[in-house]
Each structure stands twice: as C-alpha cells, then as structure tokens.
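Structural description and commentary
If you want the building blocks of each chain, they are given just below.
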Amino acid sequence: MPPPPQRPPRPPVRTPRTEGAIERAPARGRPVRTSRMGSGGPREEKKRSPLLPVAIALVVVLGGLVAWKLTRPPPGSPPPPVSGKPAELFKEAKGLARQGKWSEAKAKLEALKEEEPDYEPRQIENYLKVAQTEIPSQLSLAEATEAIARGELGKASAALAQVKTTTQQAALDAAKLALDAKASARVTEMRTLLSTANDVAKLQRVKVLGEDLLAFRADDREGAELKHQAELGLGRLQNRTGPTLAPETPWLEVQQRYKSGDASGALSLAQACANKYPQCSGLEGKIKDFEAKSHRLEDLGDAELLALFELDRKIAGDASSEQSQPLRKQLASKFFLKASQARTTGNWSRAIEYAQQVLRAEPGNAGAQALVNDGRAQGRDLYFRAYQQLETSPDEAAKLLKDVLALTPADDEFHVKAVARLAELQKK
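First, a word on what this report is: a plain description of the structure on this page.

Quick notes on the overall build of the protein chain
A count of helices and strands for the protein chain gives 17 helices and 2 strands. For the protein chain, long-range pairs separated by at least 24 residues make up 55% of all intrachain contacts whose partners lie at least 6 apart in sequence. With the model as given, the accessible surface of the protein chain reaches about 28,400 Å², and the carbon-plus-sulfur share is 54%.

Observations regarding the packing of helix H5 (residues 153-161) against helix H7 (residues 200-216)
Interhelical geometry of H5 versus H7 gives an angle of 15° and a closest axis separation of 7 Å. As summarised for this structure, H5 and H7 are arranged roughly parallel, according to the angle between their axes. When the axes of H5 and H7 are compared, the crossing they make is left-handed. Taken together, the residues of H7 that come into contact with H5 (itself represented by Leu153, Gly154 and Ser157) are Asp212, Leu213, Ala215 and Phe216. Residue classes in the contact of H5 with H7 are distributed as 4 nonpolar, 2 polar and 1 charged.

Looking at the pattern of salt bridges
Side chains that carry opposite charge are capable of pairing whenever their charged atoms lie near each other. Inspection of every chain in the model, using the stated rule, returns 25 salt bridges. For the salt bridge of glutamate 424 with arginine 421, the shortest nitrogen-to-oxygen distance reads 3.4 Å. Here arginine 421 and glutamate 424 lie together in helix H17 (residues 413-427), a separation of 3 residues that amounts to about one turn. It is possible to trace a salt-bridge network through shared partners that takes in Arg186, Glu189, Arg205 and Asp212.

Some words on the packing of aromatic side chains
One pass over the full model with this rule turns up 9 aromatic pairs. Between phenylalanine 90 and tyrosine 119, the aromatic rings sit 6.0 Å apart at their centres with planes inclined by 85°, giving edge-to-face as the arrangement. A residue pair is termed long-range when its members are at least 10 positions apart, and phenylalanine 90 in helix H2 (residues 85-98) and tyrosine 119 in the loop between helix H3 (102-115) and helix H4 (121-150) qualify at 29 residues. Grouping residues by exposure puts phenylalanine 90 and tyrosine 119 together as buried. With a centroid separation of 5.5 Å and 55° between ring planes, the pair formed by tyrosine 383 and phenylalanine 414 is classed as tilted. With tyrosine 383 in helix H15 (residues 366-388) and phenylalanine 414 in helix H17, the pair connects residues that are 31 residues apart, well separated along the chain.

Focus: unusual backbone geometry
Its identity as a non-glycine residue notwithstanding, aspartate 318 has a phi of 65°, on the positive side. By the secondary structure assignment, aspartate 318 is in the loop between helix H12 (302-315) and helix H13 (325-344). Under the relative-accessibility criterion, aspartate 318 is labelled exposed at 60%.

Points about the nonpolar core
Tyr258, Tyr383 and Leu401 are the most contacted members of the largest nonpolar core, which has 62 residues in total. When sequence neighbours within four positions are dropped, the list of residues in contact with leucine 401 reads Tyr383, Ala386, Leu390, Ala418, Arg421, Leu422 and Leu425. Membership of the second largest hydrophobic core comes to 26 residues, among which are Ala156, Val163, Phe216 and Ala230.

Describing H12
With 14 residues, H12 should reach 20 Å at 1.5 Å per residue; the first-to-last C-alpha distance of 20 Å fits that figure. Residues of H12 that are buried: Leu305, Leu308, Phe309, Leu311, Asp312, Arg313 and Ile315. Where H12 is buried, its residues contact helix H9 (250-259), helix H11 (278-294), H13 and helix H14 (348-361). Where H12 ends, the next residue or the one after it, glycine 317, has phi of about 80°, a positive value.

A short note on the side chain of arginine 328
Mapped onto the elements of the fold, arginine 328 is located in helix H13. Within the buried core, arginine 328 has no salt-bridge partner, and the shortest N-O distance to an opposite charge, that of aspartate 312, equals 5.3 Å. Apart from the residues within four sequence positions on either side, arginine 328 is in contact with Phe309, Ser320, Ser321, Glu322, Ala361 and Glu362.

Things to note about the environment of aspartate 374
Looking at the secondary structure, you find aspartate 374 in helix H15. Residue class for aspartate 374 comes out partly exposed when judged on its relative accessible area of 29%. Between the C-alpha atoms of aspartate 374 and threonine 408, which are 34 residues apart in sequence, the distance is 9.8 Å. For aspartate 374, the residues in contact, after removing those within four places along its chain, are Arg343 and Trp348. Of the polar contacts made by the side chain of aspartate 374, one reaches the side chain of arginine 343; its length is 2.8 Å.

Some remarks on helix H10 (residues 263-273)
Burial in H10 covers these residues: Ala263, Gly265, Ala266, Leu267, Ala270 and Cys273. Residues of H10 that are buried in the fold lie against H9 and H11.

Section: the environment of asparagine 347
Here asparagine 347 lies in the loop between H13 and H14. Reaching out from asparagine 347, the side chain makes a polar contact with the backbone nitrogen of arginine 350 at a distance of 3.3 Å.

Here we look at the packing of H9 against H11
Packed helix pairs are characterised by how far apart their axes lie and by the angle those axes make with each other. At a closest axis distance of 9 Å, the pairing of H9 and H11 adopts a crossing angle of 20°. When the interaxial angle is binned, H9 and H11 end up roughly parallel. The element H9 and its partner H11 pack so that their crossing is left-handed. Contacts between H9 and H11 involve Pro250, Trp251, Val254, Gln255 and Tyr258 from the first element and Gln279, Cys280, Leu283, Ile287 and Phe290 from the second. The class makeup of the residues in the contact of H9 with H11 is 8 nonpolar, 2 polar and no charged.

The rules we used
Residues numbered from 1 in each chain as written. Predicted model: local features only at pLDDT ≥ 70, side-chain atom pairs only at ≥ 80, totals over all residues. Heavy atoms only, no water. Helix = DSSP H or I, 4+ residues; strand = E, 2+ residues; numbered from the N terminus. Contact = heavy atoms within 4.5 Å. Areas by Shrake-Rupley, 256 points an atom, 1.4 Å probe, with all protein chains shown as cover. Axes fitted to C-alpha atoms, helices over the stretch in contact; angles between N-to-C directions. Parallel < 35°, antiparallel > 145°, perpendicular 65-115°, else oblique. Left-handed = near helix turned anticlockwise from the far one by under 90°. Nonpolar A, V, L, I, M, F, W, Y, C, P; charged D, E, K, R; others polar. Salt bridge = Lys/Arg side-chain N within 4 Å of Asp/Glu carboxyl O. Phe/Tyr/Trp six-rings, centres within 6.5 Å; stacked < 30°, edge-to-face > 60°. Buried < 20%, exposed > 50% of the residue type's maximum accessible area, 1.4 Å probe, protein only. Core = buried A, V, L, I, M, F, W, Y, C linked by side-chain atoms within 4.5 Å. Expected span 1.5 Å × (residues − 1). Lys, Arg positive; Asp, Glu negative; His and termini not counted. Polar contact = N/O pair within 3.5 Å; in protein donor to acceptor, adjacent residues only side chain to side chain.

Here you go:
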C-alpha cells in the first residue's frame, strides 16, 4: 500500500512591515530586535541604568567636600568670634576682670546671666565664684592705696594683709612697693624733725610718726630708736615745767552733785556761786527749768522729751543724771516703738535714727542695738552697690552712699568709706 501523500509545507505568512515592528523567531517565539527598529517610537520604553542615581549622589557629595575644603580656615587659625550682645557683655566683663575691676565685672556678669541664662553658664559661674574673693581684695587694695597716700602706714599694712588675690597680684605688689618707699621716707622725716626739735609739738610729732611706722614694720631699728629719742626729749621738757595752779571752777562741783542725783544740793551750790561765776548762774536756771518740766512728763511731746533729755545732759556735764531715769525710760519706750514701725515700712534711715535715740537714753537696750546692727548690715550692702556704680552711674552711687551714712554710725567702717567716696564724687 503506497504511503499517504504528504501535504506540502505552508509558506510563512508575511505581514506588512511597520516601523519599529518586532519579528518573532519561528523556533522559540522570542522577540528579536531588528536593525530596522527605530528610536522614539510610540511604544518604546527606555530602561534607565540602576547606577545612575548613585553616580549623581557621588557627584553631589564630592562637590560638597571640595567646597568645604576650599572654605575651611587653615589649621591653627583662631575660631571665628561669637557676635551679638551677650558676647560683647562677656568680653567687657572679662576685660574688667583682667584690670582688677571685679565689682564692675560682677555687675556685668550678673546682668548677662539674668538676660541670657543659657549663654556660657559654666564660665560665668566660674567668674562669679572668683569675684567673691576678688571684690573684697579690690576694696582692701583701694583702702590701702588711700592710706598710703595719707601716710597712714599701719592702716595700709593692715588693709594689705586682708588681700587674698589670684588676679590682682601686680596691683598688690605695686602697693607693697609704695608702702616700703613711704616707710623709708618716714624714717628720713623723723630724723629731720628730731634734729631740729626744740619744743613739745615736734617731739610729739616724731613719737606719733614712729608709732605708725612700727605698726607697719615692728622690727625697724632706726625707727624705734628715733621714737625712743623723741620720748626722752619729751620727758626732759616736761620735767622743766613746774606745777601750775588749777583755776577755781566751782561750777564743776555743781555738775557733779547734780549728776549723782542730788538736784537740791546742786541748786544750793549754784546759787552760792552765781553772783561770781556766770557758769554757776546758768546752771541754776537750767536746774530749775528741768525740775519744773520733769513733773509732767506725760504731757510732753516727742520734741519736748528730747529737749528735756538734752537739758539734763548739759547740767550734768554731757552725761545723764540719776534723777533723769523716768525721763529716759519714757523716751526709750516711745522711740523704740517708732523705730520698729519705721523698720516695718522699710524706712531704714528713720528706723536707725530712732534706735540711736533709744540707745542714748538706754545704752543697754537690746532691741534697739539689734536694730542698729541690722542697719549696719544694710549699710554694708548698700555700700557695695554704690561702689559698683561709681563709674557707670555716679548720681545713683551718691544717693546710695548717703543712705549708707544714714544707716551707719560715724565710727562704722563703711560709714568712713562712704564719706571718702562721696568726697571723690564731689571732686569730679
């Protein structure tokens, strides 16, 4: 049987060619890109390389590094200064500290700390801690300088002994040199005075100068010898002077009798010598006046009580008498109440004024003494505030210094300093 006839192979179907068409291989059916495929056809999809973003990023980083390298300051150059108001204040404060003006520096640092609490807090605290030691040293240096200028060697030496400084050593050394030079000049002055001394006044002057010198330099042999010679000269001159007769002073007996509490006996003595001595006549009238007013103390006002208190002291020779105890008790009671009220309202100057009146009447009054002590503490604080404003606000400093005078007695350290500072301000 013959094999069945085979069909001839089917010719491939040809399709019209289009631009950018893809032919399929007859074996596997994969798309085959032909050379006739165009670019930019409507169905073309471009494939981006995955390394392109990385390359762009590298270019940006390299460009930034180059720019940083070009703008970076050379090695070893100082950092750029911080600008702005806090930096200026801090710079001024450090400059004042370097000059030894710690009070002014402290004021600026505290102002900076209050306005900008986050600006260099550790450095500012360190400066303020140092200021606690340096400000008293600055004041002691100023006190020593003034004492040296006045020729008070002992006082200057005592002030320099209080200086504990780590930043004002140059000023301290200069003050010590000036004090040594003044001491050398003092010996020369004593020697010159002693060579021409022919009276008590000059010898006394040599003695005083020697005492001041030895207060500074106790082992100064020449100063001690010159002082000893002055004392010998004073002894010789005083021995030449014969005894003198004391003048007749009967009014002193009147005062002593009145002070002891015998007002009637004092009045009798005053009347006995009134015709011959006007002092006795004056005491007679004052004793009568006091006795008349002291019987109605409850009717007297504050001013009258004070006037009667002063009258009693005049009769007794600038002291209170025994018979004035009721007057002084009432005066102390009334004025202590006024002092307490003034302190409560914050009027410290008036409170101190009343408290001092109480202490004059009753020197042992504990309440008045405590109030005066508080006033001294207030005066000390005000003095330091005034000292910080001497250069920047002299008018305000003068006002504060006057308050110090009102709060402190005349023998107080800060009272004396306030008087000196006010005098300096008046000269400017």
